[in-house]
Amino acid sequence: MSTTNAPTDMAGSPTTTANLPVLRAELRLFRREPGAVFWILLFPTVLLVILGSIPSFREPQHDLGGLRTVDVYVPVAVLLGMLVGGLQSMPQALTGYRERGILRRMSTTPVRPTALLTAQMTVYGTAALAAALLALAVGRLAFAVRLPRAPFGYGLALLLAILATLALGALLSALSRTVKAAGALGSMVFFPAMFCTGVWLPVQAMPHLLARIVGYTPFGAAAEALNRSAAGHWPGWPHVTVLLAWTLLLTAGAARWFRWE
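Here's what I pulled together on the structure shown here. This structure is a prediction, so every number in the text was calculated from the model and none was measured.

1. Let's talk about unusual backbone geometry
For residues besides glycine, phi is generally negative; the peptide bonds are generally trans as well. Its identity is not glycine, yet alanine 144 carries a phi of approximately 55°, on the positive side. Considering the arrangement of structural elements, one finds alanine 144 in the loop between helix H5 (113-143) and helix H6 (151-175). Of the residues examined, alanine 144 reaches a relative accessible area of 48% and is grouped as partly exposed.

2. Considering the environment of glycine 65
Looking at the element boundaries, glycine 65 is found in the loop between helix H2 (34-52) and helix H3 (69-99). The sequence separation of glycine 65 and threonine 165 amounts to 100 residues, and the corresponding C-alpha distance is 29 Å.

3. What to know about the environment of methionine 188
Along the chain, methionine 188 falls in helix H7 (residues 179-197). Classification of methionine 188 by relative accessible area gives exposed; the value is 60%. Each C-alpha atom of the pair methionine 188 and leucine 87 lies 9.6 Å from the other, and the pair is 101 residues apart in sequence.

4. Details of a nonpolar patch on the surface
A cluster of nonpolar side chains, namely Phe38, Trp39, Leu42, Val46, Ile50 and Leu134, defines an oily patch on the protein surface of about 500 Å² accessible area. In terms of residue count, H2 provides more of the nonpolar patch than any other element does, five residues in total. Take tryptophan 39: it is sitting in helix H2.

5. Focus: the pattern of salt bridges
With the rule as written, the count across this model stands at one salt bridge. In this structure, aspartate 71 engages arginine 68 in a salt bridge whose closest nitrogen and oxygen atoms are separated by 2.9 Å. The exposure classification of aspartate 71 matches that of arginine 68, with both residues buried.

6. Overview of the packing of aromatic side chains
The tally for this structure, following the rule as stated, stands at seven aromatic pairs. Look at tryptophan 234 and tryptophan 237: their rings are 5.4 Å apart centre to centre, the planes differ by 50°, and that puts the pair in the tilted class. Residue class for tryptophan 237 comes out exposed when judged on its relative accessible area of 58%. Following the ring pairs from residue to residue traces out a cluster consisting of Phe38, Trp39 and Phe43. Taking the ring centre of phenylalanine 258 as reference, the NZ or CZ of arginine 98 above it sits at 5.2 Å.

7. As for the packing of H3 against H5
With their axes 9 Å apart at the nearest point, H3 and H5 run at an angle of 160° to one another. For the element pair H3 / H5, the angle class is roughly antiparallel. In this structure, the crossing between H3 and H5 has a hand that is right-handed. Between H3 and H5, the residues in contact are Val70, Val74, Ala77, Val78, Met82, Gly85, Ser89, Met90, Ala93, Leu94 and Tyr97 and Leu116, Leu117, Gln120, Met121, Tyr124, Ala128, Ala132, Ala135, Leu136 and Phe143, respectively.

8. As for H3
The end-to-end C-alpha distance of H3, which contains 31 residues, comes to 44 Å, matching closely the 45 Å that a straight helix rising 1.5 Å per residue would cover. Most of H3 sits inside the fold, with 28 of its 31 residues counted as buried. Glycine 101 occupies a position one or two residues after H3 and carries a positive phi of about 80°.

The rules behind each value
Residues numbered from 1 in each chain as written. Predicted model: local features only at pLDDT ≥ 70, side-chain atom pairs only at ≥ 80, totals over all residues. Heavy atoms only, no water. Helix = DSSP H or I, 4+ residues; strand = E, 2+ residues; numbered from the N terminus. Buried < 20%, exposed > 50% of the residue type's maximum accessible area, 1.4 Å probe, protein only. Patch = residues over 30% accessible without salt bridge, like charges linked within 9 Å, V, L, I, M, F, W, Y side chains within 5 Å. Areas by Shrake-Rupley, 256 points an atom, 1.4 Å probe, with all protein chains shown as cover. Salt bridge = Lys/Arg side-chain N within 4 Å of Asp/Glu carboxyl O. Phe/Tyr/Trp six-rings, centres within 6.5 Å; stacked < 30°, edge-to-face > 60°. Lys NZ or Arg CZ within 6 Å of the ring centre and 35° of its normal. Axes fitted to C-alpha atoms, helices over the stretch in contact; angles between N-to-C directions. Parallel < 35°, antiparallel > 145°, perpendicular 65-115°, else oblique. Left-handed = near helix turned anticlockwise from the far one by under 90°. Contact = heavy atoms within 4.5 Å. Expected span 1.5 Å × (residues − 1).

In short, shape yes, function no, at least from these values alone.
Structure, rendered in structure tokens:
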């Protein structure tokens, strides 16, 4: 006598096991995109090296509390890779899958469309983490930037920043009907996000009122949390709360408006 096992969501089930090839496929596709690899993994560090090569940026600055400009740009480089991946690459990839009907066709197989969404978030989250570690390593080896003095707090701030970025990317995917719209919407959010991280003006050098406003954005809060942890302090409950609140809000919005077809 034989038995038939239906797909379930338990560990080791056909459904769960089938999700692993999806993740491997997404990793292969990511590696085959030299543009994504460069802009997510390498560009933040390249920017840091360019800025660190400016002699005046390696001198302590009074308006930065005695820090060097290259010191305050390390958290910016850490955040930049996740911004590119979460706000530019991931929304266009997911919207493209939906636009071409891939998600609809997956719904008829044991692999659910959520597997693709999870794989995308895993790939871009891992890439963002790798980009952050690379920026920290190059900053330390090339410009003697001190490693975070509160590594646990720094890791927590980094994790929350990645989650908030991926949640925003998922919301952009939910609101975009075409790949072109995803690119345009992602760009509209990307450049203000870069400003909030301090790409053009470090948060420490911003006027007090502007810095306070920026601190209520997910990326401004992330930059401040990383700066505090790098200096040896706890990221600060206000910054942690802002990141958590944005993550929950953006996730709820993405779940509300995301469509598989």
